[in-house]
Amino acid sequence: AYTIGNLLIQGLSFITLPIYTRVMSQEDYGNYNLYSSWVGIFSIFLGLQISGSFSIAKIKYEDKFKEYIASSTTIATIVFVVFSSISLIFHKNIEKILGFSTGILMFILIQGYLTHLQSSLSQYYIQTQETKKQLILSFFMSFGNVVLSLLFLCTLKNDFLARILGGIVPGVVVGIIFLLFIYKSSTVILDVTFIKFILLTSIPLVFHILGHNLLNQLDRIMIGKYMTSSEVAIYSFGYSLGSIVSIALMSMNTAWIPWFFEEKKRGNIDLIKKYKERYLMVGVFLTIGFLSIFPELVLIMGGSSYKSSRDFIVLIVISYFIMFLYTFPVNIQFYYENTRYIPIGTLLAAVINYVLNFVLIPIQGIYGAAVATVISYISLLIFHHIIAKIK
């Protein structure tokens, strides 16, 4: 139910893709995707990836779960204030790296923090298995983003700013709701007894998720550096089109994790093996199904301006499937609270990604970036399989 509902909600953004590609210029579309890439990277540090520890905390601190979330939110808010202050002090240096103005930097910082709050509320609903509330939250964020983005695109002259505001406004609403809910329902604002566990569990995830974001975003950032915003737009379109596979596979994983942890805790190994095989086969079926129809989708969703993306979308979809396979060893690492070693494999894959992008993009352009992504994700899967065996 969660997977199907999440697919329908995420499909809202997928359906509106042809509107964005036709209403926005390739330059604005490319710049917005670069902006989103930086938001993803900044949000890692602004929230310390604390929401990623909720699955473990639900088991370890089941009776004080809300107090744990309240404490973790307080720590994340403190980090946000400190990190933002430092960023604004050195804004001129950061502007050179980002290629955006101080105003856009402020939007990146705000949306990065809001992303953490939304992720925290989402993880809370997932861990407490409140499926309906999770779907409502996802629907509000997705539907609100689409509606407001289209509204701002029709009323504002700056399409780049319109898309930014379309994503920030729903995030502000959800962020306020989450803060009011968690601090009202918790007996504490900050319980210092949680701090050590939060930091030991979450800080390794910062480097783990950073590695993932570099894997996902570094190609776009480097295409923007070596090529133009138009090439960023074409590459981002290909990624967005292939993302329907990722949405399906990662939604299944989100629903799988709480069940897997619970059955693993009970020692139901045979039951896990039985459903693991079915789970894997569904992933294979969805991936092959998409590969059979994507050429037609390119023309429908992007038109002739984006038809060159057909040359590399197969590689992007293969990368998403490899990412799905990688969740199997990583889930094992999370279960055994073995998060210290998670970043190692991810960062090694990110380094490989950077080197390959550095070599291949100047030679093969956006196709080279797609090749680099596939090789990097294969490395990621191998590294984490080895780490899970070591556990």
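The structure this text deals with has already been given above.
A short tour of the structure in this document, coming up.

Glancing now at the pattern of salt bridges. Here the structure, examined in full by the defined rule, presents 3 salt bridges. Between Lys133 and Glu130 there is a salt bridge whose closest N-O contact spans 3.0 Å. Taking the relative accessible area as the measure of exposure, Lys133 reaches 43% and is therefore partly exposed. Arg266 is the partner of Glu263 in a salt bridge, and the nearest nitrogen-oxygen pair spans 3.5 Å. In this pair, Glu263 and Arg266 both sit in helix α11 (residues 229-266), 3 residues apart, roughly one turn of the helix. When its relative accessible area of 7% is taken as the criterion, Glu263 is described as buried. By relative accessible area, which is 56% here, Arg266 ends up exposed. Put simply, Glu262, Glu263 and Arg266 are held in one network by salt bridges that share partners.

The biggest cluster of nonpolar side chains holds 112 residues, and the ones touching the most others in it are Tyr35 and Leu241. Per-element accounting of this core gives the leading share, 15 residues, to α11.

Note that Ile234 resides in helix α11. For Ile234, a relative accessible area of 11% corresponds to the buried category. Residues Ile234 and Tyr61 lie 173 residues apart in sequence; the distance between their C-alpha atoms is 46 Å. When neighbours within four sequence positions are excluded, Ile234 is seen to be in contact with Gln26, Ser305, Tyr306, Ser308, Ser309, Phe312 and Ile366.

A few words on the packing of aromatic side chains. Taken as a whole and judged by the stated rule, the model has 33 aromatic pairs. Ring centres of Tyr226 and Phe358 lie 6.4 Å apart, and the angle between their planes is 65 degrees; this geometry places the pair in the edge-to-face category. Placement of Tyr226 in helix α10 (residues 195-226) and of Phe358 in helix α15 (residues 342-364) is noted, with a sequence separation of 132 residues between them. Tyr226 sits in the partly exposed class, given a relative accessible area of 33%. Ring centres of Trp256 and Trp259 lie 5.2 Å apart, and the angle between their planes is 45 degrees; on these two criteria the pair is classed as tilted. Separated by 3 residues within a single helix, Trp256 and Trp259 lie in helix α11, roughly one turn from each other. Classification of Trp256 by relative accessible area gives buried; the value is 9%. For Trp259, a relative accessible area of 28% gives the class partly exposed. An aromatic cluster is present here, built from Phe54, Tyr61, Phe65, Tyr68, Tyr124, Tyr125, Phe181, Phe194 and Phe197 joined pairwise through their rings. The ring of Tyr20 has Arg163 lying over it, and the distance from NZ or CZ to the ring centre is 4.0 Å.

Rules of the game
Residues numbered from 1 in each chain as written. Predicted model: local features only at pLDDT ≥ 70, side-chain atom pairs only at ≥ 80, totals over all residues. Heavy atoms only, no water. Salt bridge = Lys/Arg side-chain N within 4 Å of Asp/Glu carboxyl O. Buried < 20%, exposed > 50% of the residue type's maximum accessible area, 1.4 Å probe, protein only. Helix = DSSP H or I, 4+ residues; strand = E, 2+ residues; numbered from the N terminus. Core = buried A, V, L, I, M, F, W, Y, C linked by side-chain atoms within 4.5 Å. Contact = heavy atoms within 4.5 Å. Phe/Tyr/Trp six-rings, centres within 6.5 Å; stacked < 30°, edge-to-face > 60°. Lys NZ or Arg CZ within 6 Å of the ring centre and 35° of its normal.

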